[in-house]
Amino acid sequence: MTSASTGTTRSLVAQATTEIIGRLQAGYRSNVASAVASVARLRREAGRDPHSTPTAWGLDDLEALTRLRARATQHQEGDMSEALSYRDVLRHEQQEEREDRAVHLAVTLWALHQQSIREEAMHVDRWTLGRAVRRLAEGRTGPQDRATDGDSGQADASEGTASPKAVPDTDLNPGVRKRFVRIGSSADFETLGVRLREMVLLLRAARIPLDYGSLADQLDRWQQLAFQADVRREWGRGFHRAYASSASNERDGETPSGSPPDDLDTRSADTGD
């Protein structure tokens, strides 16, 4: 069983992350007490290894991953347990540890990203890390730019969503770009998690979403030295790719005004629900 993505097939970690967040996000935005409590607990575990502290035991962030693994095992032909060598067992355990870390980090980052935001979803498909950071660096907020009709300030239904004017690289926020470069140059998973957390706080302030299923898959592959360069290339391509529209069909809602402050303190999160 491999967790790396192949073709259009989503990896187990991407499926599990999307399933968990999809359920919690709907409940949190509807102010369902159990979902609000679960998100608060997950948020407190951001930056910690899964299973490492008693407070993390019983969290449901790895529930879907465990279920998907069991389903995949059931589809395997025959009982291979006796045929596995010690090396095979060790390799399998290491793979599961990588997957656990990837899903746990992605879900807890989302919990931090969604904090105190009920009107919008902060997990949105196709909003890759590079794409989200590019929008932040351009000084934009929210996931879409709306065309306006004269001075009315209303979206022009005949034109739909406006294609945002391209922002040259020289005009990008240098602080955001520097943080993104630091993410790409992280030397270990713990450092990567810290730097991603800092970026997520900036994205939250700007109400820019992120595809956490895609991020979880990349986090899983990043932990394997042979795939780190591929993941970095994906981040770089997403950052430099031009998008024809700002996802008018991906989510509803008005675009918040204002741009994220350059000096936002990313060392701590607010304590609201």
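Residues numbered from 1 in each chain as written. Predicted model: local features only at pLDDT ≥ 70, side-chain atom pairs only at ≥ 80, totals over all residues. Heavy atoms only, no water.

Draft legend 1. Quick look at the overall build of the protein. Looking only at helices and strands, the protein has 9 helices and 0 strands in total. Shown N-terminal to C-terminal, the secondary structure of the protein runs as helices and strands in the order α-α-α-α-α-α-α-α-α. Residues classed as buried in the protein amount to 45% of the 273 residues present. Accessible surface, the protein as shown: approximately 14,300 Å² in total, 48% of it carbon and sulfur. (Helix = DSSP H or I, 4+ residues; strand = E, 2+ residues; numbered from the N terminus. Buried < 20%, exposed > 50% of the residue type's maximum accessible area, 1.4 Å probe, protein only. Areas by Shrake-Rupley, 256 points an atom, 1.4 Å probe, with all protein chains shown as cover.)

Draft legend 2. The pattern of salt bridges, seen in detail. One pass over the full model with this rule turns up 13 salt bridges. Between Arg179 and Glu198 there is a salt bridge; the shortest N-O distance is 3.3 Å. Placement of the pair is Arg179 in helix H6 (residues 174-184) and Glu198 in helix H7 (residues 189-206), with a sequence separation of 19 residues. Taken together, the salt bridges that share partners define one network made up of Arg134, Glu138, Arg140 and Asp169. (Salt bridge = Lys/Arg side-chain N within 4 Å of Asp/Glu carboxyl O.)

Draft legend 3. Structural context of the packing of aromatic side chains. For the structure shown, the criterion picks out 2 aromatic pairs. Pairing Phe189 with Trp222 gives two aromatic rings, centres 6.3 Å apart and planes at 45°, and the pair type is tilted. Of this pair, Phe189 sits in helix H7 while Trp222 is found in helix H8 (residues 212-222), placing the two residues 33 residues apart along the sequence. An identical accessibility class is assigned to Phe189 and Trp222; each is buried. Directly above the ring of Tyr28 sits Arg118, whose terminal nitrogen or CZ lies 4.0 Å from the centroid. (Phe/Tyr/Trp six-rings, centres within 6.5 Å; stacked < 30°, edge-to-face > 60°. Lys NZ or Arg CZ within 6 Å of the ring centre and 35° of its normal.)

Draft legend 4. Expanded view of the nonpolar core. Residues Tyr212 and Leu219 are the most contacted members of the largest nonpolar core, which totals 53 residues. Residues in contact with Leu219, not counting those within four places in the same chain, are Ala102, Leu105, Ala106, Phe189, Leu192 and Leu196. (Core = buried A, V, L, I, M, F, W, Y, C linked by side-chain atoms within 4.5 Å. Contact = heavy atoms within 4.5 Å.)

Draft legend 5. Up close: the packing of helix H4 (residues 86-114) against H7. At a closest axis distance of 9 Å, the pairing of H4 and H7 adopts a crossing angle of 25°. Comparing their axes, H7 and H4 come out roughly parallel. In this structure, the crossing between H4 and H7 has a hand that is right-handed. Along the contact surface, H4 presents Arg101, Ala102, Leu105, Leu109, Leu112 and His113, while H7 presents Phe189, Gly193, Leu196, Arg197, Val200, Leu201, Leu203 and Arg204. For the contact of H4 with H7, the residue count by class is 9 nonpolar, 2 polar and 3 charged. (Axes fitted to C-alpha atoms, helices over the stretch in contact; angles between N-to-C directions. Parallel < 35°, antiparallel > 145°, perpendicular 65-115°, else oblique. Left-handed = near helix turned anticlockwise from the far one by under 90°. Nonpolar A, V, L, I, M, F, W, Y, C, P; charged D, E, K, R; others polar.)

Draft legend 6. Molecular detail of helix H1 (residues 12-29). Taking 1.5 Å as the rise per residue, H1 with 18 residues should run 26 Å; its terminal C-alpha atoms sit 25 Å apart, in good agreement. Asn31, located one to two residues past H1, shows a positive phi value of around 60°. (Expected span 1.5 Å × (residues − 1).)

Draft legend 7. Structural view of unusual backbone geometry. Positive phi, normally seen in glycine, also occurs at Ser116, with a value near 65°. As for its placement among the helices and strands, Ser116 is situated in the loop between H4 and helix H5 (129-137). Despite not being glycine, Arg207 shows a phi value in the positive range, around 60°. Of note, Arg207 is situated in the loop between H7 and H8.

Draft legend 8. Local environment of the environment of Asn173. Residue position: Asn173 is located in the loop between H5 and H6. Asn173 gets classed as buried once you look at its relative accessible area, which sits at 16%. A polar atom in the side chain of Asn173 sits 3.1 Å from the backbone nitrogen of Val176. (Polar contact = N/O pair within 3.5 Å; in protein donor to acceptor, adjacent residues only side chain to side chain.)

Draft legend 9. Highlighting the environment of Leu65. Within the secondary structure, Leu65 sits in helix H3 (residues 63-74). Residue classification places Leu65 among the buried residues on the basis of a relative accessible area of 0%. Taking the C-alpha atoms as reference points, Leu65 and Glu19, 46 residues apart in sequence, are found 9.1 Å from one another. Ignoring sequence-local partners within four residues, the contact set of Leu65 consists of Leu12, Val13, Ala16, Glu99, Asp100 and Val103.

Draft legend 10. Spatial organisation of the packing of H1 against H8. Where H1 meets H8, the closest approach of the two axes is 8 Å, and the angle between their N-to-C directions is 145°. Note that H1 runs across H8; the crossing there is right-handed. Between H1 and H8, the residues in contact are Val13, Ala14, Thr17, Thr18 and Ile21 and Tyr212, Gly213, Ala216, Asp217 and Asp220, respectively. Looking at the contact of H1 with H8 residue by residue, the classes come out as 5 nonpolar, 3 polar and 2 charged.

Geometry only, nothing functional implied.
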